[in-house]
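Structural characterization, general
This is what each chain is made of:
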Amino acid sequence: MCKKRALALVFLLSLAMNILVLVLDVVPTIYPKLQSKFLPEKTLIDQSFNESIIADLVYREGLKMLFSEQPIMSFSENVGFTNRLLNYRSKTSKKEFRLNNYPRSFLMKGGFDYAQSYEKDVNQIVEYFDKEISNLEYKIKRIDQAPLGIVSLELYKKTKNKKYLDFADEVFAYISSLQDQSGIITYRRNQISVLNDTYGLAIPFLVLYGETRDEQAIEMARKNLKFYLDYGLSNSGIPSHGVNKDSLTPVGSSNWGRGIGWFALGLSSFHAATGEFAEEYEALIATLDNLKNNDGLWGQFPGSKDDFDASASLLFIYAQLLSQPCLYDSDKLVKKFSPYINNEGKVLRTSGDTYSANYYSKTFGRSELSQGLFLSVLSELNRCD
């Protein structure tokens with residue numbers, strides 16, 4: 001009897017392990033490849049929709065993403081059963097981390113930008129902001145949340161409600177807390193390297209906060225940009241992923257697309273507001289122009305691996321529009337992106353979260369980041385029509 005029970009237990013354990021392997025390893029590995037090959041998503045390139053219809057589709061899907069409690073962007077790779085178990089309770093696997101991060105922040109900003117520019121019902125976004133973000137329970141835990149401070153400042157300028165200014169003050173206080181003794185901001189506290197992600201997240205907020213609230217923020221932005229311009233750029237004007245603060249040497253990839261986009265966004269927002277760093281901005285844009293793919297867009301690693309990346313492309317375009325308004329024709333731009341927008345209005349082909357310098361995602365999919373950036377780009381172009 002004991003032997004039979006032992007065999008039954010072994011069988012059940014074996015069955016459970018096989019199910020786990022199937023769920024955590026086999027299906028996540030094989031299904032996306034099978035889907036891509038045999039069931040590719042239908043995109044808007046096959047439709048005769050005009051620019052305004054596509055824009056509204058992207059906006060409606062963006063709102064669904066924003067109001068959903070389920071994060072969409074990939075924050076992990078499918079690296080096998082054992083690693084999935086070991087990382088099951090890691091920080092990046094937690095829902096809170098994935099929701100209160102840069103993809104969601106840019107989606108909030110993009111939705112707000114679009115509603116304002118296209119005269120949509122902005123109240124539903126403001127109500128969501130008031131309920132979920134601008135309250136005593138919500139905490140600023142990461143620099144990734146800085147774009148929410150831009151929305152808050154815009155709401156303050158519009159309503160003069162002090163609660164929005166108070167929220168922006170919290171964002172500024174958090175960014176200030178990331179400074180080292182020399183005033184250099186790091187992506188996370190006490191990091192040895194400064195990462196270019198920091199610039200696309202912090203600088204646009206610091207510029208608007210400086211114009212609205214405290215000029216000290218402008219000087220903070222200037223000092224940090226000068227640091228990276230001095231130590232983090234190649235001769236072509238392209239920023240490396242990071243700069244080691246001790247040795248002042250570049251680290252990481254020198255052609256990570258989204259990282260270049262983060263830096264371009266920070267540099268352009270500061271240049272647009274102050275007129276400074278014009279030579280550096282123009283050199284960066286000229287190099288990026290030479291790195292376009294055959295569709296006039298960019299890949300995950302421009303100049304080497306030309307797998308289209310929506311987030312890199314949209315960051316480059318958005319950065320350009322801040323300093324060069326009306327640079328793109330909205331109809332032509334939407335047409336370029338139509339092969340990468342599905343029939344529901346979801347922007348496709350965004351590379352997953354980056355784990356560290358030299359450790360980049362191989363996963364592509366939907367993301368709140370590209371959805372929001374696309375809406376912000378459309379909003380900028382709508383001012384030109």
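Before reading further, recall that the structure is shown in the block above.
Here's a quick rundown of the structure.

Parameters and conventions
Residues numbered from 1 in each chain as written. Predicted model: local features only at pLDDT ≥ 70, side-chain atom pairs only at ≥ 80, totals over all residues. Heavy atoms only, no water. Core = buried A, V, L, I, M, F, W, Y, C linked by side-chain atoms within 4.5 Å. Buried < 20%, exposed > 50% of the residue type's maximum accessible area, 1.4 Å probe, protein only. Contact = heavy atoms within 4.5 Å. Phe/Tyr/Trp six-rings, centres within 6.5 Å; stacked < 30°, edge-to-face > 60°. Helix = DSSP H or I, 4+ residues; strand = E, 2+ residues; numbered from the N terminus. Lys NZ or Arg CZ within 6 Å of the ring centre and 35° of its normal. Salt bridge = Lys/Arg side-chain N within 4 Å of Asp/Glu carboxyl O. Pairing = 2+ DSSP bridges. Axes fitted to C-alpha atoms, helices over the stretch in contact; angles between N-to-C directions. Parallel < 35°, antiparallel > 145°, perpendicular 65-115°, else oblique. Left-handed = near helix turned anticlockwise from the far one by under 90°.

Once that is clear, we can look at the nonpolar core. In summary, soluble globular proteins display a tendency toward joint burial of nonpolar side chains. Within the largest apolar cluster, 110 residues are counted, with the highest numbers of intra-cluster contacts made by Ile175, Phe205 and Leu206. Aside from chain neighbours lying at most four places away, what touches Phe205 is Ala146, Gly149, Ile150, Leu153, Ala168, Val171, Phe172 and Ile175.

All told, the structure shown has 21 aromatic pairs when counted by the stated rule. With a centroid separation of 5.6 Å and 35 degrees between ring planes, the pair formed by Phe270 and Phe277 is classed as tilted. Of the residues examined, Phe270 reaches a relative accessible area of 0% and is grouped as buried. For Phe277, a relative accessible area of 14% corresponds to the buried category. Taken together, a centroid distance of 5.6 Å and an interplanar angle of 70 degrees make the contact between Phe337 and Phe374 edge-to-face. One end of the pair, Phe337, is in helix α14 (residues 330-337); the other, Phe374, is in helix α15 (residues 368-382), and 37 residues separate them in sequence. Accessibility assignment for this pair places Phe337 and Phe374 in one class, buried. Clustering of aromatic rings is evident, with ring pairs tying together Phe129, Tyr138, Tyr164 and Phe167. Lys160 extends its terminal NZ or CZ atom over the ring of Tyr156, reaching a point 5.3 Å from the ring centre. Its end group placed over the ring of Tyr187, Arg188 keeps NZ or CZ at 4.1 Å from the ring centre.

Opposite charge on two side chains allows them to pair when their charged atoms are near. A full pass over the atoms with the stated rule returns 18 salt bridges. Two residues, Lys120 and Asp56, come together in a salt bridge whose shortest N-O distance is 3.2 Å. One end of the pair, Lys120, is in the loop between α5 (102-117) and α6 (123-132); the other, Asp56, is in helix α2 (residues 51-67), with 64 residues separating them in the sequence. With a relative accessible area of 22%, Asp56 lands in the partly exposed category. Between Lys292 and Asp289 there is a salt bridge, with its nearest N and O atoms 3.0 Å apart. Under the relative-accessibility criterion, Lys292 is labelled partly exposed at 30%. Of the residues examined, Asp289 reaches a relative accessible area of 44% and is grouped as partly exposed.

Our focus in this paragraph is the sheet that holds strand β1 (residues 193-195). Spatial ordering of the open sheet is given by β1-β2-β3, a layout of three strands whose pairing is antiparallel. Looking at strand neighbours, the two that pair on one side only are β1 and β3 (249-251), the edges of this open sheet. Geometrically, the sheet is characterised by an average inter-axis angle of 30 degrees between neighbouring strands, direction not taken into account. When β1 meets strand β2 (residues 242-244), the two strands line up antiparallel, connected through three bridges. The residue of β2 that forms the bridge with Val194 is Val243.

A few words on the packing of α14 against α15. In the contact formed by α14 and α15, the axes pass within 10 Å of each other and the chain directions differ by 160 degrees. Judged by the inter-axis angle, α14 sits roughly antiparallel to α15. Judged by the twist between their axes, the crossing of α14 over α15 is left-handed. In contact with Ser330, Leu333, Val334 and Phe337 of α14, α15 contributes Phe374, Val377, Leu378 and Leu381.

Coordinates in, geometry out; function isn't part of it.
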